[in-house]
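Chain residues, written in single-letter form:
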Amino acid sequence: MANPVAARQAAAPRAPARPTIDPYPALARAALLLAWAPGFGLGLYLLLGIVLQWDVGAGWLPLGQAHGHAQVFGFTALFILAVGTVLFPRFLSAPLTRPRQARLGGILIAVGVGLRFLLQPLEAGLTRGVGLVLAAALELVGAGLFAHATLGVARASIQPWAAWRRALALGLGSLVLGYLLNLAASLELAGGRAIVSPALDEALLHLGIWGFIVPVTLAVGLKIFPQFLLLRPPRARLFGPAIVAYGIGMALVVAGWLVQGWRPELIAEARWLRLGGWSTQTAALLLHTFALRLFEPAARRSGMPHITNPTRLWFRLAFGWLLVAVALGAFFAARESTTGSAVGFVEASAQRHALTMGYLLPLLVGMAGRILPGFSGEMTRRPRVLAGMVWLLLVGATLRVGGQLLGGYVGLAGMLTALGGTLAFLGFAWFAWLLWPTLGRKPGAVPPARGDRDGV
Ligand code: HEM
């Protein structure tokens, strides 16, 4: 009988003749451009505008939504996909055979997100309506092209179907669903609404933030952290159940928002669905963290303590924010179900930014400084610069989220919120400034991954 592994390898597409990092540079540049304008730039303008009472006008809410969409479905999605095109072929020991198609997919996403940012704040009208639907269609087609181009890597791989791949599949599946749901949201906007209706917007953001960002970053962490941070051998059997439970919890929260949007009379049931979802997500993330052993003492002393030790501290703090953010979500959902008092605008914002500013940004910049081609080499030579950026982000997140939870946008709490946003903006701007010239350099060393050997 023919050997199935050999047959699969023979059927796998051939690797390109020369090693290439295409489409990483183009996608990372597109991500940074979106981050500069509708992402961090617009976010800071809106935050300072509300705290310092500038006259931003009626456009504040539409601009806030355009910023949120650009950050989650533009900057973060493209940045993670860009880095993914470097990392995942290595993790799976299989080449990316359609880099040009992946690049085109990413560029279509970027153009769609840019169009949405330009058009959403405009007065209702035919041009705005058609343009917004076109923007959402570009994002969806781009995501489809990207998925088609990269699925071949997973198919060609003979690596075992480990837990990190489950987390990755959950994340990428949620992202594609998010672009699909965004088409429905854009049809609403095209009908003349200035902003997407709150329940649909929340469902969309939950898919993007908790459905995409969290599982994909957990997947990368599963492959890299144990070896890189010298963690004790993980409790690998727990990862699979944790990820399945997480996916169920995430889907329940999204379902709760969709039910509330389409059948408002079922609001009580929708709230219980969300409470069930948030509680399951919280339990799953606690289980995942316990299995990863991130907060336990290291397995041994590092031969490069100046690299390992600060990184371990940053990632522990980022995971601390992840747990704070999910606990806030569960707390607000419990309060809503038991007392009927809905989550306030500022509370929801604090909860969202606890995850995106406290967890995502330090993790993203810290990992970039350790694994990205070109950039990681430079950061090894300039460790204080990397530390400066990560600490600006961590302190910025603490002040921003703390200020919002203490009192929102007024008085001393407002000033703390604004200062936090400004520090985080500076931290990210510094990162983007240093990363840009390194894009396009040939791959450096990616730390060897131990995940498959440990069964994660
Ligand atoms: C310097 C950093 C940032 C600043 C100053 C900032 C500021 C703001 C402001 C003022 C709003 C409108 C109020 C609200 O709904 O919360 C907002 C909303 C939002 N932001 Fe940020 N933000 C920052 C970073 C981020 C990051 C890194 C992400 C995601 C990766 C993000 C995602 C969102 C989302 C999803 C919304 C909600 C949009 C909606 O309601 O549809 N923000 N941000």
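As for the coordination of the iron atom of the ligand
Then comes step 1: Protein coordination at the iron atom of the ligand comes from His67 (NE2) and His353 (NE2), with a distance range of 2.2 Å.
Then comes step 2: The site at the iron atom of the ligand holds 6 donor atoms, and with the angles between them running 85 to 179 degrees, its shape is octahedral. With His67 in helix 3 (residues 60–92) and His353 in helix 11 (residues 345–371), the pair connects residues that are 286 residues apart, well separated along the chain.

Observations regarding the site of the ligand
Then comes step 1: Lining the immediate environment of the ligand, one finds 27 residues, of which His67, Asp201, Ser349, His353 and Arg400 sit closest.
Then comes step 2: A distance of 2.7 Å separates an oxygen atom of the ligand from a polar atom in the side chain of Asp201.
Then comes step 3: In this structure, Ser349 approaches the ligand through a side-chain N or O atom, which is 2.5 Å from an oxygen atom.
Then comes step 4: Of the residues assigned to the shell around the ligand, the class counts are 13 nonpolar, 11 polar and 3 charged.
Then comes step 5: Shared between two domains, the shell around the ligand takes at least three residues from each, and those domains are domain 1 (21–227) and domain 3 (354–444).

Notes on the nonpolar core
Generally speaking, nonpolar side chains in soluble globular proteins are found buried as a group.
Then comes step 1: In this structure, Tyr24, Phe79, Trp210, Phe225, Phe428 and Phe431 are the most contacted members of the largest nonpolar core, which totals 140 residues.
Then comes step 2: Looking at this core element by element, the count peaks at 18 residues for helix 7 (residues 198–228).
Then comes step 3: Setting aside its immediate chain neighbours within four residues, Phe431 contacts Phe79, Leu364, Val365, Ala368, Phe375 and Met389.
Then comes step 4: Leu42, Leu46, Val56 and Leu63 belong to the second largest nonpolar core, which has 5 residues in total.

Quick notes on the pattern of salt bridges
Then comes step 1: Under the counting rule described, the total for this entry stands at 10 salt bridges.
Then comes step 2: For Asp22, the salt bridge goes to Arg103, with nearest N and O atoms at 2.9 Å. Taken together, the residues Asp22 in the loop between helix 1 (4–11) and helix 2 (24–51) and Arg103 in helix 4 (residues 99–119) connect sequence positions 81 residues apart.
Then comes step 3: Residue Asp22 is classed as partly exposed on the basis of its relative accessible area of 22%.
Then comes step 4: Looking at Arg103, the relative accessible area reads 26%, which means it is partly exposed.
Then comes step 5: Residue Glu336 is joined to Arg274 by a salt bridge in which the shortest nitrogen-to-oxygen separation is 3.3 Å. With Glu336 in helix 10 (residues 305–339) and Arg274 in helix 9 (residues 267–292), this pair connects stretches of sequence that are 62 residues apart. Each member of the pair, Glu336 as well as Arg274, carries the same accessibility label: buried.
Then comes step 6: Here the salt bridges do not stand alone but share partners, grouping Arg235, Arg293 and Glu296 into one network.

Section: the side chain of Gln101
Then comes step 1: With respect to the helices and strands, Gln101 occurs in helix 4.
Then comes step 2: Overall, Gln101 belongs to the buried group, its relative accessible area being 18%.
Then comes step 3: Beyond its immediate sequence surroundings of up to four residues, Gln101 is in contact with Leu145, His148 and Ala149.

Observations concerning the packing of aromatic side chains
Then comes step 1: Within this structure, the stated rule accounts for 19 aromatic pairs.
Then comes step 2: Seen from their ring centres, Phe91 and Trp164 are 5.4 Å apart, and the 85 degrees between their planes marks the pair as edge-to-face. Separated by 73 residues along the polypeptide, Phe91 in helix 3 and Trp164 in helix 6 (residues 163–190) bring together distant segments of the chain. With respect to class, Phe91 is no different from Trp164; both count as buried.
Then comes step 3: Put simply, the rings of Phe40, Phe75, Phe79, Phe375, Phe428 and Phe431 pair up and form one aromatic cluster.
Then comes step 4: Geometry around Trp436 places Arg29 over its ring, the cationic atom sitting 5.6 Å from the centre.
Then comes step 5: A cation over a ring is seen here: Arg274 above Trp257, with NZ or CZ 3.7 Å from the ring centre.

Section: the environment of Pro198
Then comes step 1: Its place among the elements puts Pro198 in helix 7.
Then comes step 2: By relative accessible area, Pro198 is classed as exposed at 58%.
Then comes step 3: In the structure, Pro198 is positioned 173 residues away from Pro25 in sequence and 36 Å away in space, judged by C-alpha atoms.

Topic: the domain arrangement of the chain
Then comes step 1: Under the domain assignment, the chain is made up of domain 1 (21–227), domain 2 (229–343) and domain 3 (354–444).
Then comes step 2: Once you take the C-alpha centre of each, domain 1 and domain 3 turn out to be 19 Å apart.
Then comes step 3: Of the roughly 3000 Å² buried at the junction of domain 1 and domain 3 (both faces included), carbon and sulfur atoms supply 86%.
Then comes step 4: For the pair domain 1 and domain 3, the interface holds 0 salt bridges.
Then comes step 5: Counting across the interface, domain 1 meets domain 3 through 2 residue pairs in polar contact (both at pLDDT 80 or more).
Then comes step 6: Broken down by secondary-structure element, the contributors of at least two residues to the side of domain 1 that touches domain 3 are helix 2, helix 3 and helix 7.
Then comes step 7: Per-element tally for the side of domain 1 that touches domain 3: the top contributor is helix 2, with 15 residues.
Then comes step 8: Of the residues belonging to the side of domain 1 that touches domain 3, the class tally is 28 nonpolar, 4 polar and 2 charged.

Cut-offs used in this document
Residues numbered from 1 in each chain as written. Predicted model: local features only at pLDDT ≥ 70, side-chain atom pairs only at ≥ 80, totals over all residues. Heavy atoms only, no water. Donors = N, O, S within 2.8 Å, 3.2 Å for Na, K, Ca; no water. Tetrahedral: all angles 85-135°; square planar, octahedral: opposite > 155°, others 65-115°. Helix = DSSP H or I, 4+ residues; strand = E, 2+ residues; numbered from the N terminus. Near = heavy atom within 4 Å. Polar contact = N/O pair within 3.5 Å; in protein donor to acceptor, adjacent residues only side chain to side chain. Nonpolar A, V, L, I, M, F, W, Y, C, P; charged D, E, K, R; others polar. Domains from an automatic or database assignment. Core = buried A, V, L, I, M, F, W, Y, C linked by side-chain atoms within 4.5 Å. Buried < 20%, exposed > 50% of the residue type's maximum accessible area, 1.4 Å probe, protein only. Contact = heavy atoms within 4.5 Å. Salt bridge = Lys/Arg side-chain N within 4 Å of Asp/Glu carboxyl O. Phe/Tyr/Trp six-rings, centres within 6.5 Å; stacked < 30°, edge-to-face > 60°. Lys NZ or Arg CZ within 6 Å of the ring centre and 35° of its normal. Buried area = accessible area lost by both parts, 1.4 Å probe.

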